[in-house]
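So you can see what is in the structure, the chains are spelled out below.
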Amino acid sequence: MYGWIWRHLPGNAWVRGAISLVLVLAVVYVLFQYVFPWAEPLLPFNDVTVDGEGAAR
């Protein structure tokens, strides 16, 4: 997959590297701004079942 993307980017290696960096940053931005906030209520990370009974001191 990465080879296919690399072959289809225009320019020499430096331009392809810059475009690849911009694409990676765009994907990270979309994940943090839209995907993760949407998925957060669906994940069980806030379902804490630990209580104070039997806690070691």
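For clarity, every value in this text was computed on a predicted model and none was experimentally measured.

We now examine the UniProt feature "transmembrane region" (unreviewed entry) in the protein chain. UniProt marks residues 12–36 with the feature "transmembrane region" (unreviewed entry), using the numbering shown here. In residues 12–36, helix accounts for 96% and strand for 0%; the two terminal C-alpha atoms are 34 Å from one another.

Turning our attention to the packing of aromatic side chains. Following the criterion strictly, the structure yields two aromatic pairs and no others. Ring centres 6.5 Å apart and planes at 80° place the aromatic pair Y29 and Y34 in the edge-to-face group. What makes Y34 exposed here is its relative accessible area of 53%. Residues F32 and F36 carry aromatic rings whose centres are separated by 5.2 Å and whose planes lie at 90° to one another, so their mutual orientation is edge-to-face. With F32 and F36 both in helix 2 (residues 13–39), this residue pair falls four residues apart, about one helical turn. With a relative accessible area of 55%, F32 lands in the exposed category.

What counts and what doesn't
Residues numbered from 1 in each chain as written. Predicted model: local features only at pLDDT ≥ 70, side-chain atom pairs only at ≥ 80, totals over all residues. Heavy atoms only, no water. UniProt positions renumbered as here; feature names shortened; annotations may be inferred. Helix = DSSP H or I, 4+ residues; strand = E, 2+ residues; numbered from the N terminus. Phe/Tyr/Trp six-rings, centres within 6.5 Å; stacked < 30°, edge-to-face > 60°. Buried < 20%, exposed > 50% of the residue type's maximum accessible area, 1.4 Å probe, protein only.

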